[in-house]
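A look at the structure
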Amino acid sequence: MPPGRRVLVIAYFFPPLGGAGVQRTLKFVKYLPEFGWTPTVVSTSSRVYGARDTTLLDEVPHGVRVMRAPGLPVARWLAILLGKLGLRRLRLWASWPDGGLGWAPAAFLAARRELRRERPDVIFSSSAPYGGHLVALALHRLTGIPWVADFRDEWASNPHLAEQPRQLAAASTRAERAITRAADRLVVAADYFELEGAPRFDPRRTTIPNGVDPADVVAGDGAPSADIFRLSFIGTLYGTIDAAPVLEALRRLIADGTVDPARFELRVVGNVWIPDFAAPDDVPLVQTGYVSHERAVAEMARSTALLLYVPQASRAPSGKIFEYLAAERPILCTSVAARLSGRVMHRIGRSAARYSKILPDGARLACGT
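Residues numbered from 1 in each chain as written. Predicted model: local features only at pLDDT ≥ 70, side-chain atom pairs only at ≥ 80, totals over all residues. Heavy atoms only, no water.

**Some details on helix α5 (residues 131-143)**
Here is the rule: Numbering of helices and strands starts at the N terminus; helices are DSSP runs of H or I of at least 4 residues and strands are runs of E of at least 2. Under the convention used throughout, the expected extent of a helix is 1.5 Å for every residue step, that is, one less than its residue count. Note on definitions: a residue-residue contact is assigned when non-hydrogen atoms from the two residues lie within 4.5 Å.
Under the 1.5 Å per step criterion, the end-to-end length of α5 is 18 Å for 13 residues, consistent within 8% with the ideal 18 Å. Tucked into the core, α5 has its buried residues touching β1 (5-10), α4 (104-117), β4 (122-127), β5 (147-151) and α6 (166-182). At the C-terminal side of α5, Gly 144 shows a positive phi close to 75°.

Shown next as structure tokens:
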């Protein structure tokens, strides 16, 4: 590819924000220069999002300009207020499409200034929030610059949005169709994504699955303790991702003597956004709170086994599954509604078999659907 090409990246989730949504765009920006592309990023300066990881800034290549547009989380505040008042239907209207529209006007102005300063060869936008795509759509129509829209998740067909009022569902469908029809290229994180106006056979579609940056998996990060069985969940507990069945199962295993609580530890490494979350009294639980991505990867390496919990409504493979595999620890899959390739499932099973010798007597790890 000819050197010296420029790409304007529009992404709300970008360092110093942390969490799963940051990784995909960060890695694109990190490695695009190796392919002759110089990125410029339009992100947010908002501090509303509850996960920050300043260590990720070290991965942004030297010389990459990052413009941080302020966000006005009026919709988010209003949605929280309406939720507390029990006005659930109005809360859905206030937060459409995902609470991110408060950032879109400032992001548009920042991106427009950059386009005037130095015209890029391509505009690249990533969702969620979907407001980033709407900003890119407006810029594309104004300038005619080629546009690539990256979907980390589905929008109109997202099962997590299935309870929206019909009018909002119709608005999401129309907006997604406008995006897919206008974009020159579409990138999806999984081939089964259903996008309005861009069926799977659309030649503009390209699937780039999530994965693992080898630089993140450093040899010598640690090893499991021989004295304690540490089962770790790495990520955020929220909404339907509450792992309550696992907690109840552990309580029963401890009660009937299958698991020795003195030699067992359940670790939740990440935010817990579930009110009154707590483990049963007999279950040894350690909550670290949010940690840097570097530490999260190290926590995987130091775990005896890793807990993967996917809600039944979800079809998307959890982004953490790939780092779990790279950690080469057995994986306890309590619910996998997602589709993974046969090779990935084989590797999960092989990993569990390799480490089965360190399980407590009578305990087993199972991977399945």
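What follows continues from the structure just given.
**Points about the side chain of Asp 150**
Using the following cut-off: Classification of residues uses two cut-offs on accessible area relative to the type maximum, computed with a 1.4 Å probe and protein chains only: under 20% is buried, over 50% is exposed, and between them is partly exposed.
Along the polypeptide, Asp 150 turns up in strand β5. For Asp 150, a relative accessible area of 0% corresponds to the buried category. Excluding anything up to four places from it in sequence, Asp 150 contacts Arg 24, Phe 28, Phe 124, Ser 125, Ser 126, Ser 127, His 133 and Val 187.

**Some thoughts on unusual backbone geometry**
In the segment running from Pro 15 into Pro 16, the intervening peptide bond is cis, with an omega of 15°. Here Pro 16 shows up in the loop between β1 and α1 (20-31). Even without a glycine there, the phi angle at Asp 276 is positive, about 60°. With phi around 55°, Glu 328 is a residue other than glycine that occupies positive phi space. Considering the arrangement of structural elements, one finds Glu 328 in the loop between α9 (320-327) and β14 (331-335). By relative accessible area, Glu 328 is classed as partly exposed at 34%.

**Examining the confidence of the model for the protein chain**
To keep things clear, this is the line we draw: Scored from 0 to 100, pLDDT reflects the predictor's confidence in each residue.
For the protein chain, the mean per-residue pLDDT works out to 82, and 80% of the residues sit at or above 70. Mean pLDDT across the elements of the protein chain ranges from a minimum in helix α10 (residues 342-354), with 40, to a maximum in β5, with 97. Low pLDDT, under 50, characterises residues 336-369; the stretch is placed with 55 contacts to residues that sit more than four places away or in other chains.

**As for the pattern of salt bridges**
Side chains bearing opposite charge may pair, as long as their charged atoms lie close to each other. Our working definition: What makes a salt bridge here is a side-chain nitrogen of Lys or Arg within 4 Å of a carboxyl oxygen of Asp or Glu, nothing more.
In total, this model carries 18 salt bridges according to the counting rule given. Residues Arg 117 and Glu 114 are paired through a salt bridge, measuring 3.2 Å at the closest nitrogen-oxygen approach. Placement of the pair is Arg 117 and Glu 114 together in helix α4, with a separation of three residues, close to one helical turn. The partner of Arg 267 in a salt bridge is Glu 265, and the shortest N-O contact between them spans 3.2 Å. The pair Arg 267 / Glu 265 is uniform in exposure class, with both members buried.

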